[in-house]
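Each chain, letter by letter, is given below.
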Amino acid sequence: MPSFAVPPPVLRVFDVCHVGVVLRALLAAHVLLAVGLLLAAPDVTVWAGRLAAGSAMVLPAVLGWLLLSCACKQVLAGWSRPAQATAAAALGATTAAAGWAFGQLGADSGSVPASVGPVVLAGALAGWAAFHWLALRARARLPADTTARLAELQSRIRPHFLFNTLNTALALVRLDPARAEGVLEDLAE
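Residues numbered from 1 in each chain as written. Predicted model: local features only at pLDDT ≥ 70, side-chain atom pairs only at ≥ 80, totals over all residues. Heavy atoms only, no water.

A. Representation of the overall build of the protein. Secondary structure summary: the protein contains 6 helices and 0 strands in total. Along the protein, helices and strands appear, N-terminal first, in the series α-α-α-α-α-α. In the protein, which comprises 189 residues, the proportion classed as buried is 29%. Long-range contacts, defined here as pairs at least 24 residues apart, represent 69% of the contacts in the protein between residues at least 6 apart. (Helix = DSSP H or I, 4+ residues; strand = E, 2+ residues; numbered from the N terminus. Buried < 20%, exposed > 50% of the residue type's maximum accessible area, 1.4 Å probe, protein only. Contact = heavy atoms within 4.5 Å.)

This is how it looks when you write it as structure tokens:
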């Protein structure tokens, strides 16, 4: 006999293994980079050069964060919220440092920050912000997930209800045919 126990709803914060999430994260990171550089660049040509160099760092950093978050989502799901936020920030710092190192490979000396410290701090803040954005997203999806789980549970219960009612009617046919007829009429209604 199948079990009808339904586990409590779980917020799947690190459920980032979807194309839509990846595209939103990349777009947000590049928009933030472009706006931040626009505020600091003296002219458009300098801004465009810095944006290209920054994109060479941001792209692998964001993709690395998403890949590691996706790979570790089962492990991270069991952690407390503060531990998850800390892990997200640590992943952000680590992937930002890796992106900075990747950006150092083919860039000229003026387009990549000389110090990794601000990049690591920005990565940690971005990882922390991404975690909170994903937590809000998971919380917003919870009612729809709960409704889907309830519909699935109801679809499993209906056949058993019908089976039990028909067996009761069959047992009553031999003992009390009038009651069996009443049971079947109630079922029909």
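B. Up close: a nonpolar patch on the surface. On the surface, Leu27, Val31, Val35 and Leu39 cluster together into a nonpolar patch covering about 420 Å² of accessible area. By the element assignment, Val35 lies in helix α1 (residues 19-40). (Patch = residues over 30% accessible without salt bridge, like charges linked within 9 Å, V, L, I, M, F, W, Y side chains within 5 Å. Areas by Shrake-Rupley, 256 points an atom, 1.4 Å probe, with all protein chains shown as cover. Salt bridge = Lys/Arg side-chain N within 4 Å of Asp/Glu carboxyl O.)

C. Structural context of the environment of Asp15. The residue Asp15 is located in the segment before α1 in this model. As for Asp15 and Ala77, which are separated by 62 residues in sequence, their C-alpha atoms are 9.5 Å apart. Those residues in contact with Asp15 that sit more than four places away from it in its chain are Val21, Lys73 and Arg137. Reaching out from Asp15, the side chain makes a polar contact with the side chain of His18 at a distance of 3.2 Å. (Polar contact = N/O pair within 3.5 Å; in protein donor to acceptor, adjacent residues only side chain to side chain.)

D. Fine view of the side chain of Ser69. Along the polypeptide, Ser69 turns up in helix α2 (residues 44-71). For Ser69, a relative accessible area of 0% translates into the label buried. Here Ser69 is in contact with Phe14, Val16 and Leu91, once residues within four sequence places are set aside.

E. The arrangement of the packing of aromatic side chains in detail. Summed over all chains, the structure comprises 1 aromatic pair. Where Phe14 meets Phe131, the ring centres are 5.7 Å apart and the plane angle is 35°; that geometry is what we call tilted. Highlighted residues: Phe14 in the segment before α1 and Phe131 in helix α5 (residues 117-175), separated in sequence by 117 residues. In this pair, the class of Phe14 matches that of Phe131, namely buried. (Phe/Tyr/Trp six-rings, centres within 6.5 Å; stacked < 30°, edge-to-face > 60°.)

F. Quick look at the pattern of salt bridges. What the rule picks out here adds up to 1 salt bridge. Of the charged contacts in the structure, one is a salt bridge between Asp15 and Lys73, with a shortest N-O distance of 3.5 Å. Residue Asp15 is found in the segment before α1, and its partner Lys73 is found in helix α3 (residues 73-77); the two are separated by 58 residues along the sequence. Take Lys73: its relative accessible area is 26%, and that puts it in the partly exposed class.

G. How the structure looks around the packing of α1 against α2. Running from amino to carboxyl end, α1 crosses α2 at an angle of 150°, the nearest separation of the two axes being 9 Å. Judged on the interaxial angle alone, α2 and α1 are roughly antiparallel. Handedness of the α1/α2 crossing: right-handed. Taken together, the residues of α2 that come into contact with α1 (itself represented by Val22, Ala25, Leu26, Ala29, His30, Leu33, Ala34, Leu37, Leu38 and Ala40) are Trp47, Arg50, Leu51, Gly54, Ser55, Val58, Leu59, Val62, Leu63 and Leu66. Class assignment of the residues belonging to the contact of α1 with α2 gives a composition of 16 nonpolar, 3 polar and 1 charged. (Axes fitted to C-alpha atoms, helices over the stretch in contact; angles between N-to-C directions. Parallel < 35°, antiparallel > 145°, perpendicular 65-115°, else oblique. Left-handed = near helix turned anticlockwise from the far one by under 90°. Nonpolar A, V, L, I, M, F, W, Y, C, P; charged D, E, K, R; others polar.)

H. Spatial organisation of the nonpolar core. Counting residues in each nonpolar core, the largest one holds 24 residues, and the members touching the most others are Val13, Phe14, Val62, Trp65, Leu66, Phe131 and Leu134. Sorting the residues of this core by element identifies α1, α2, α4 (81-106) and α5 as the ones contributing at least two each. With residues near it in sequence (within four places) discarded, Phe14 still touches Trp65, Ser69, Lys73, Leu76, Gln84, Ala88 and Phe131. (Core = buried A, V, L, I, M, F, W, Y, C linked by side-chain atoms within 4.5 Å.)

I. Focus on α1. Helix length check: α1 (22 residues) gives 32 Å between terminal C-alpha atoms against 32 Å at 1.5 Å per residue, within 8%. The complete set of buried residues in α1 reads Val21, Ala25, Leu26, Ala29, Leu33, Ala34 and Leu37. (Expected span 1.5 Å × (residues − 1).)

J. Quick peek at a negative patch on the surface. Where like charges cluster on the molecular surface, the negative patch consists of Glu181, Glu185, Asp186 and Glu189. Overall, the relative accessible area of 49% leaves Glu181 in the partly exposed class. (Lys, Arg positive; Asp, Glu negative; His and termini not counted. Charge placed at Lys NZ, Arg CZ, Asp CG, Glu CD.)

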